[in-house]
Amino acid sequence: MLDPVQILVPWRVGEPAPLSAYRLLVDQGWPLVLAVDRREGCSPVVLAQLFSCLSADEARRYSSYRRTSDAELFLLGRSLLRTLLALLLGLKPQEVRIVTGFHGKPSCPGGPEFNVSHSGDLVLIALHPTCAVGVDVEASPGPADWESISCRVLPAEVCLAVHALPRQCQPLAFLQAWCHLEAQLKMAGTGFQAAPVVHGDSSLFRQWALALPPGYVGSVAMEDS
């Protein structure tokens, strides 16, 4: 069973990190999730300042995106993550060390656990001082072929529950279930081959649906300590 809805902390681009980020210094038993809207405060000057926070590899990755929107979402997610980690570790953003695990999940040695997701114009950053976290956000209405996808990737009981709903509710229910699954997998740092194991034992993690602006659904999962 999911925990109650998680309320997000808004973070406007170009402004300092919210003071609530300091709560990470004390484990209160749930993750902090910050929400950034790409449409708010992304002036060329601010974007240039954020670009200066990236490592050389991240700068190359930023330049490899063909779509401006994709590049900006990556820039926001990584630079604001570095800004937040630097605040908590007493470093400059460029000094924060981010490494990639075996399945591609990034981490910060000596820092809090974190995860980043973006879709549409939203970027979400989830953090916890000690427990692994995973976050996912998706812009609705989601893929047109959601029914075939649901049969392939969702656990059987979840797929049945989605299809038992009124027809008009099913696409959004699928998208929420997808977010829950993605958040679990990102928390575990594995691929879809681990989905049945992760989803099958809810005693290993806690999970929240996210209170997001209209047109978005999301989820955050946290390893149970």
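Use the structure listed above.
Residues numbered from 1 in each chain as written. Predicted model: local features only at pLDDT ≥ 70, side-chain atom pairs only at ≥ 80, totals over all residues. Heavy atoms only, no water.

In this structure, what is going on with a nonpolar patch on the surface? I would like to understand it.
Taken together, the side chains of Leu19, Tyr22 and Leu87 define a hydrophobic patch exposed on the protein surface, amounting to about 310 Å² of accessible area. Examined against the element boundaries, Leu87 turns out to sit in helix α3 (residues 68-89). (Patch = residues over 30% accessible without salt bridge, like charges linked within 9 Å, V, L, I, M, F, W, Y side chains within 5 Å. Areas by Shrake-Rupley, 256 points an atom, 1.4 Å probe, with all protein chains shown as cover. Salt bridge = Lys/Arg side-chain N within 4 Å of Asp/Glu carboxyl O. Helix = DSSP H or I, 4+ residues; strand = E, 2+ residues; numbered from the N terminus.)

Would you mind going over the pattern of salt bridges with me for this structure?
Pairing between side chains of opposite charge can happen when the charged atoms of each approach one another. Applying the stated criterion to the full structure yields 10 salt bridges. Salt-bridge contacts for Glu58 lead to Arg78; the nearest nitrogen and oxygen are separated by 2.7 Å. A residue pair is termed long-range when its members are at least 10 positions apart, and Glu58 in helix α2 (residues 56-64) and Arg78 in helix α3 qualify at 20 residues. Arg78 shares its class with Glu58; the two are buried. Through salt bridges with shared partners, a single network forms among Asp37, Arg38, Arg39, Glu72 and Asp121. (Buried < 20%, exposed > 50% of the residue type's maximum accessible area, 1.4 Å probe, protein only.)

What should I look at first to understand the environment of Met222 in this one?
Structurally, Met222 can be placed in strand β10 (residues 216-223). Taking C-alpha positions, Met222 is 30 Å from Pro166, a pair spaced 56 residues apart along the chain. Leaving out residues up to four positions away in the same chain, Met222 has contacts with Gly29, Trp30, Pro31, His128, Cys131, Ala132, Val133, Met187, Phe205, Arg206 and Trp208. (Contact = heavy atoms within 4.5 Å.)

What is the right way to look at the pairing of β10 in this model?
The buried fraction of β10 amounts to 7 of the 8 residues, a majority that puts the element mostly inside the structure. Sheet topology places strand β8 (residues 133-139) next to β10; 7 bridges connect them, and they run antiparallel. Within β10, the residue paired with Ala139 across the bridge is Tyr216. Two elements, strand β9 (residues 205-211) and β10, share 5 bridges in a ladder whose sense is antiparallel. Note that in β10 the partner of Trp208 across the bridge is Val220. Hairpin geometry of β9 and β10 is characterised by an intervening segment of 4 residues between the two adjacent antiparallel strands and by a positive phi of about 95 degrees at Gly215. (Pairing = 2+ DSSP bridges.)

Quick question: what am I supposed to make of the sheet that holds strand β6 (residues 113-119) here?
Strands pair in a sheet through their backbones, by hydrogen bonds, and they do so in one of two ways: parallel or antiparallel. Taken in spatial order, the 4 strands make up an open sheet running β2-β3-β7-β6, and their pairing is mixed. With partners counted over all chains shown, the strands left at the sheet margins are β2 (9-10) and β6, one partner each. Pairing geometry for β6 and strand β7 (residues 122-128), over 7 bridges, is antiparallel. Looking across to β7, one finds that Glu113 is bridged to His128. On top of the sheet, α3 reaches β3 (32-37), β6 and β7; it is set at about 30 degrees to β7, its chief contact. (Axes fitted to C-alpha atoms, helices over the stretch in contact; angles between N-to-C directions.)

Explain the sheet that holds strand β1 (residues 3-7) here, please?
Judged by pairing direction, the sheet is mixed, and its 4 strands sit side by side in the order β1-β9-β10-β8 without closing on themselves. The open sheet has two free edges, formed respectively by β1 and β8, since each of these has just one partner strand. Going across the sheet, the axis of each strand differs from the next one's by a mean of 25 degrees, ignoring polarity.

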